[in-house]
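Report on the structure
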Amino acid sequence: MNPFAYSRAQDVGGALQALLATEGKFIAGGTNLLDLMKENVMRPAQLVDINRLPLDTIEPSPDGGLRLGALARNAATAYHPLVREQYPLLSTAILAGASPQIRNMASNGGNLLQRTRCYYFYDRGTPCNKRNPGEGCSAIGGLARQHAILGASEHCIATHPSDMCVALAALDATVHVASPRGDRAIPIADFHRLPGERPDMDTTLANDELILSITLPPSAGFRGHSVYMKLRERLSYAFALVSVAAMLEIDGGTIRAARLALGGVAHKPWRDPRAEALLAGQPVGEEAFARAADALLQGATPQGVGVGSNAFKIPLARRAIVRALHQAAQGTVTNFGDNVRAGED
Ligand SMILES: Cc1cc2nc3c(=O)[nH]c(=O)nc-3n(C[C@H](O)[C@H](O)[C@H](O)COP(=O)(O)OP(=O)(O)OC[C@H]3O[C@@H](n4cnc5c(N)ncnc54)[C@H](O)[C@@H]3O)c2cc1C
Ligand code: SF4
């Protein structure tokens, strides 16, 4: 590990002032950043510890939604009574990720900024454009089982690993940030990036911006029909091959509105309003669900060859979308227990 300076901030102003814009990093739970530093994948010259900042509250917001503090832990968020009652999709998604110990440490802000789990990104012996821009991408033509089928570029085919962020995308969350230039609010759809020519940039957040909170708009219309389904290589403690957040508003057998977000398939949680629009006004059923799945997966392209190929993800994602929609139509699937596959009933 490289040497680095460490300081502990007591308030938001102090944290913003302490951070050296280009060389420093805020540290919250440390469950991702410290691993990356130990592997020499990230080498910040300075850490500003933000754990004492008063950003851990979860409270109703004036519009009837909810505000989640950036430093509220993933476990505290998932088990909060208001989250369980009003946003069971979010609770279930968070509890489908990592392990109880990690969720106790991991913060909501850190979860938004966790980095890809591409094996080559962690392996400093192999070229990686995300780690060292211009070096090349080892996953293209290599092992790509975990990699993207949508939105990839010739420079990077990595996926975003978060479960929480897939639920936040479906819920139309907003990320609130502060910097020495002032505060701003970023819709979740604009927060994570596709890799394009700059795979080293995961998000639209500047390095000196501090995440303060995440707000969720009221969810009442969808509350009775939401599902987070995560498919992975083993039952627990594994990242998603494909995950689906599905939300339906149903009135007498007819779909009034729908939200669909995919995880494990792209550099950011994947949504396409055109696929959701296809469901509106349709009767609940296989035909409409299959049409929406095909629309959401339009342009899906496999990566890798032989045993390293992720071609299996395309039919897997299609079946997962259709199944999640059927489950959502029957009623909200919650799973607040540990080590149980989300979406299993
Ligand atoms: C073994 C293992 C398995 C895992 N499995 C899953 C899984 O299945 N699903 C899943 O979704 N996640 C999984 N995770 C990831 C885990 O959820 C993240 O590591 C965690 O959410 C990161 O939060 P943190 O507070 O520890 O972030 P840190 O490690 O402290 O920080 C991560 C990044 O966020 C930045 N940061 C943190 N807070 C702020 C802030 N408020 N403002 C600006 N920048 C900030 C840091 O500078 C750093 O760049 C797993 C992690 C591990 C180690
Ligand atoms: S897919 Fe992205 S993260 Fe993985 S090796 Fe290629 S450039 Fe690096």
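In case you missed it, the structure is sitting above this.
The rules we used
Residues numbered from 1 in each chain as written. Chains lettered and ligands numbered in written order. Predicted model: local features only at pLDDT ≥ 70, side-chain atom pairs only at ≥ 80, totals over all residues. Heavy atoms only, no water. Helix = DSSP H or I, 4+ residues; strand = E, 2+ residues; numbered from the N terminus. Rg over C-alpha atoms; globule rule 2.2 N^0.38 Å. Buried < 20%, exposed > 50% of the residue type's maximum accessible area, 1.4 Å probe, protein only. Contact = heavy atoms within 4.5 Å. Areas by Shrake-Rupley, 256 points an atom, 1.4 Å probe, with all protein chains shown as cover. Near = heavy atom within 4 Å. 1 Å grid on protein atoms, 1.4 Å probe; cavity = no way out; pocket = protein on both sides within 12 Å on 5 of 7 lines; lining within 4 Å. Sits in = over half its atoms within 2 Å of the grid points. Nonpolar A, V, L, I, M, F, W, Y, C, P; charged D, E, K, R; others polar. Pairing = 2+ DSSP bridges. Axes fitted to C-alpha atoms, helices over the stretch in contact; angles between N-to-C directions. Points joined across faces, edges and corners; volume = space filled by probe spheres on them. Parallel < 35°, antiparallel > 145°, perpendicular 65-115°, else oblique. Left-handed = near helix turned anticlockwise from the far one by under 90°. Expected span 1.5 Å × (residues − 1).

With that settled, the discussion passes to the overall build of the protein. From N to C terminus, the protein includes 13 helices and eleven strands. Relative to a compact globule of 345 residues, whose C-alpha radius of gyration would be 20 Å, the protein shows 20 Å and is just as compact. Judged by the C-alpha coordinates and their principal axes, the protein covers about 60 × 50 × 35 Å. Buried positions account for 55% of the 345 residues belonging to the protein. Here the contacts in the protein between residues at least 6 apart in sequence split such that 66% fall between residues at least 24 apart. Carbon and sulfur atoms make up 52% of the accessible area of the protein, which amounts to about 14300 Å² in all.

This part is about the site of ligand 2. Inspection of the region around ligand 2 gives 14 residues, with Cys 118, Cys 128, Cys 137, Cys 156 and Ile 157 positioned closest. More than half of the atoms of ligand 2 fall within 2 Å of the grid points belonging to the second largest cavity. The class makeup of the residues in the shell around ligand 2 is nine nonpolar, four polar and one charged.

This part takes up the sheet that holds strand 5 (residues 66–69). Pairing is antiparallel in the open sheet, where five strands are placed in the order 4-5-8-6-7. What marks the edges here is a single partner per strand, and that holds for strand 4 (58–60) and strand 7 (182–187). For this sheet the average axis-to-axis angle between neighbouring strands, irrespective of direction, equals 20°.

Okay, empty space enclosed by the protein next. Taken as a whole and assessed by the stated rule, the structure comprises six cavities of 30 Å³ or more. Together, 16 residues line the largest cavity, and Gln 146, Thr 159, His 160, Pro 161 and Ala 240 are the ones closest to its centre. Among the residues forming the lining of the largest cavity, the class breakdown is five nonpolar, nine polar and two charged. Its volume calculated, the second largest cavity comes out at about 90 Å³. Cys 118, Cys 128, Cys 137, Cys 156 and Ala 158 are, among the 17 residues lining the second largest cavity, the residues nearest its centre.

The contact between helix 12 (residues 286–296) and helix 13 (residues 313–330) brings their axes to 9 Å, and the two run at 135°. The pairing of helix 12 with helix 13 is recorded here as oblique in orientation. For the pair helix 12 and helix 13, the crossing hand works out as right-handed. Residues Glu 286, Phe 289, Ala 290, Ala 293, Asp 294 and Leu 296 of helix 12 form the contact with helix 13, whose own contacting residues are Arg 318, Ile 321, Val 322, Leu 325, His 326 and Ala 329. Its residues placed into classes, the contact of helix 12 with helix 13 shows eight nonpolar, one polar and three charged.

This part takes up helix 13. With 18 residues, helix 13 ought to run about 26 Å at 1.5 Å a step, and its terminal C-alpha atoms sit 25 Å apart, in line with that. When helix 13 is considered as a whole, its buried residues turn out to be Lys 313, Ala 317, Ala 320, Ile 321, Val 322, Ala 324, Leu 325, Gln 327, Ala 328 and Ala 329. On its buried side, helix 13 packs onto strand 9 (226–231), strand 10 (242–251), strand 11 (254–263), helix 11 (273–279) and helix 12. Downstream of helix 13 by a residue or two, Gly 331 has a phi angle that is positive, lying close to 140°.

The values reported here are purely geometric and, on their own, carry no functional implication.
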